[in-house]
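# Geometric and topological summary
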Amino acid sequence: MIYEHNIRIDVPVFIIESKVAYQTVRRPTVFEKSVLQLFAKHAEQLGHYRLEDIANQLKVNSVFFVEALKYLSGFRAVEFLYGYTISDGAALTCNSIVITAEGREFLEKNALPSKSKNTTETAYYHPFSGKLIGKNQIKTDSYSDVKCLPSEEMDVTLSAVKPLVDEKLHQQWEKKPNERIKSIESAFRGALRDRKTFKIDITHNGNIEIIANDNDFSMWLDAADAEYLWQFLVSPTFTTESSNPPFRVDWSQVRDLAPIKKTSDLIVKQKPYYLFSLVNTIKTDDVLIVLDPSEETSLVDKVLTLKESPVELDSGVDALIKTKSKEGSVLKRGLCEVSYRGQPRLVDLALLVESNEKINELEHFLLTSNDINIIIFSAVIGVQQAIERLPSVYMPQVVEYYEKMKKLNTEVSPHHFRKKVKLLINKEEVVSYAQLFNEQNIQLDALTPECAVTLINNAIIKREPTSSLSISKTLAELADVYASLRNKTGQDLLSLNNFDLLKLNVARYKLLHSLHDHVNVFRESLNPSIFSCSDLAVLEDKLTKALAHFSIQYEDPQKINKRIIIIDTNCLMHSLHLLDKIKPSDELKIPVTVTHELDRLKNDKNEEGEWTDTAKRARAAINRLNELNSYEPSHIELVEKMDRSSLDSPDIHILSVAVYFRLCNSLLLTDDKNLRNMANAEGIVNKSTQEYLTSSAGKKSKKRKRK
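Residues numbered from 1 in each chain as written. Predicted model: local features only at pLDDT ≥ 70, side-chain atom pairs only at ≥ 80, totals over all residues. Heavy atoms only, no water.

### Looking at the sheet that holds strand β6 (residues 179–202)
- An order of β5-β4-β1-β6-β7 is seen for the 5 strands of this open sheet, with the pairing classed as antiparallel. Looking along the sheet, the strands with just one partner apiece sit at the ends: β5 (131–133) and β7 (208–211). When the angles between neighbouring strand axes are averaged without regard to direction, this sheet yields 35°.
- Relative to β6, strand β1 (residues 2–26) is paired through 19 bridges, and the arrangement is antiparallel. (Pairing = 2+ DSSP bridges. Helix = DSSP H or I, 4+ residues; strand = E, 2+ residues; numbered from the N terminus. Axes fitted to C-alpha atoms, helices over the stretch in contact; angles between N-to-C directions.)

Written out as structure tokens, the structure reads:
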């Protein structure tokens, strides 16, 4: 079990500074090479000869040989015998000079050193690998909180490092054919910091192990002193600040562990289903039960606060955890005994120890408590059982319970709560019900009768429909018809007693019948108690009385399929041909008063006792009417807007017939302006002869064009 990942430590990398004395190399001159060859090969044969003698034989100046000898002696290529020195010059004999090993090497390599030079070289020794490394191999990024292993404890000496440095420098100079090292002087010049990382693992036996991915680091760890590693590498990663007595641990039951400061990370890593915390120092966004003796039981968001602990826990236990995989654990924090390389140690740890027994005790408490907050919280164990334990409540409490439970368990569906809703008592609850359950067809049996009656009345009178009811559409249609009738008549049928004030015409009569049909739908579908207590019952009564009232006074339009044409006397007198223009879809009704007027006019004679044109037209009209035989008596009692003193006026009697047919599709034909004015006052549709003929001719013309 990994206690800590990526622990950083700085390692001292020793800096070795070396002062190197070296010489450059060149090819020997002719005289230098000749001198070396002379003493290497011919010294014995020419032992008694002087340099001057050899120069004379070669016919060169002896100075060149002396200078060459002087240069060679400076690099110990030759040595002088018998007390001779270079100051003897050309008088030196060959047997007084001997070539050295260096001289023979110079001759063999055909190279001579020049003057000595000095340089400084820097090397870096890593104690983990025991080798020299390049500076670019050092991770020099450092942080103020990262400790560095003390260099003085590394047991690194110059005598151990110098051979490595010398070997490296000689290898470098071997690549320089014109230079050679004379001497090397090395010394330590401080250290750089190299970043390394490692892990601390604690096994299921409670043993601490250091894990490094770097092979050199691993080998160094294996060889390093245990106390040194504990003091400078392991111990600094732990704390020992807890004041509790060390608790014993059955390491075989430990599921995971972490530093105390990373307890929250340890909890998150377990993917908890819920957490019961005995202390307020555990910070988590998970579903949580906390213990607070100063508070009453409450549930806020995902936190249930309990006044008393429902389970008894051992010392050192700070929390119980139930994971999403349904495993139970106890969280212990504090001093704990571990082992490092066989030695017992005390360190602070946060441990998760398997313990389904305690979780079962806690869940038994959650599943048997009668406290509403605890019942809601128990949804983390099981949604269905939690909802079943809830009491039936009104809609606002149901919404509250659902919202609280949803925060605890995302599997909660609002439909689980349907059976927990009491009868809805107002429009707000109906709207809330529709929103929560996504229900647009709420049956009235889900409402109290009083609520159903109120919503029905408001929809009719105030036109405030509740769209989510099963009757909403039908009720809205009824309300539209009711509003249309009220707008056209200016009367509110629910409060109307004098039905004549409706001033019915065809359109209004149809509205009245349509409204009656809509009410009948509700009479057949609604609960009788709801119907009888609502305005629907009042409306039904008013409609029944109104229709009965009008059926007695006026012609029932349902008995007639044609348009009724009521014709005035003047139309027959001056436009008798009008009768030939009556369409088959129209039905002619002749007021009896018209026949009386014609009968009076048929006897009109001039001074010579002859029939006048008026009489002739009247007789012709009478003859035509006899063929039709379609008469209608007067209904003078139906005419309201008139001068009561003129009840005997023929116009009034003719108008009364038109009023009698007002609920039908009817038309009064007259050329009498006064009669038309009276018809308009009664709301009777009317036209002149010319208007009727023109409209008929226009329709025929349109039909011919279409053909």
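### With respect to helix α13 (residues 427–437)
- Taken together, the buried positions of α13 are Glu429, Val430, Ser432, Tyr433, Ala434, Leu436 and Phe437.
- Along its buried surface, α13 packs onto α12 (395–408) and α14 (449–462).
- For α13, the N-terminal capping position is held by asparagine 426, with its side-chain oxygen 3.2 Å away from the main-chain nitrogen of glutamate 428.
- Positive backbone phi, at 50°, marks asparagine 438, one or two positions downstream of α13. (Buried < 20%, exposed > 50% of the residue type's maximum accessible area, 1.4 Å probe, protein only. Contact = heavy atoms within 4.5 Å. Polar contact = N/O pair within 3.5 Å; in protein donor to acceptor, adjacent residues only side chain to side chain.)

### Re the pattern of salt bridges
- A complete count under the given rule lists 32 salt bridges for this structure.
- Arginine 523 is the partner of glutamate 540 in a salt bridge, and the nearest nitrogen-oxygen pair spans 2.9 Å. Of this pair, glutamate 540 sits in helix α18 (residues 535–553) while arginine 523 sits in helix α16 (residues 506–525), and the two are 17 residues apart along the sequence.
- Taking the relative accessible area as the measure of exposure, glutamate 540 reaches 16% and is therefore buried.
- Judged by its relative accessible area of 39%, arginine 523 is partly exposed.
- Members of the salt-bridge network, linked through shared partners, are Asp10, Arg193 and Arg195. (Salt bridge = Lys/Arg side-chain N within 4 Å of Asp/Glu carboxyl O.)

### Description of the side chain of glutamate 540
- Polar contacts involving the side chain of glutamate 540 include one to the side chain of arginine 523, which spans 2.9 Å.
- Among residues more than four places away in sequence, those in contact with glutamate 540 are Val519, Asn520, Arg523 and Phe531.

### Some thoughts on the packing of helix α1 (residues 30–41) against helix α3 (residues 62–74)
- Two elements in contact, α1 and α3, have axes separated by 8 Å at closest approach and are oriented at 75°. If you check the angle between α1 and α3, you find them roughly perpendicular. In this structure, α1 contributes Phe31, Glu32, Ser34, Val35, Leu36 and Phe39 to the contact, and α3 contributes Phe64, Phe65, Ala68, Leu69, Tyr71 and Leu72.
- In terms of residue class, the contact of α1 with α3 is built from 10 nonpolar, 1 polar and 1 charged. (Parallel < 35°, antiparallel > 145°, perpendicular 65-115°, else oblique. Nonpolar A, V, L, I, M, F, W, Y, C, P; charged D, E, K, R; others polar.)

### Here's the deal with the packing of aromatic side chains
- The final tally for this structure, using the stated rule, is 17 aromatic pairs.
- On the basis of an interplanar angle of 80° and a centroid distance of 5.1 Å, the ring pair of tyrosine 660 and phenylalanine 661 is categorised as edge-to-face. Taken as a pair, tyrosine 660 and phenylalanine 661 share a single burial class, namely buried.
- Aromatic rings pair up to connect Phe128, Phe198, Phe217, Trp220, Tyr228 and Phe232 into one cluster.
- A cation over an aromatic ring shows up here: lysine 176 above the ring of tryptophan 173, its NZ or CZ 3.8 Å from the ring centre.
- One residue, lysine 326, lies across the ring of tyrosine 273, its end atom 4.2 Å from the ring centre. (Phe/Tyr/Trp six-rings, centres within 6.5 Å; stacked < 30°, edge-to-face > 60°. Lys NZ or Arg CZ within 6 Å of the ring centre and 35° of its normal.)

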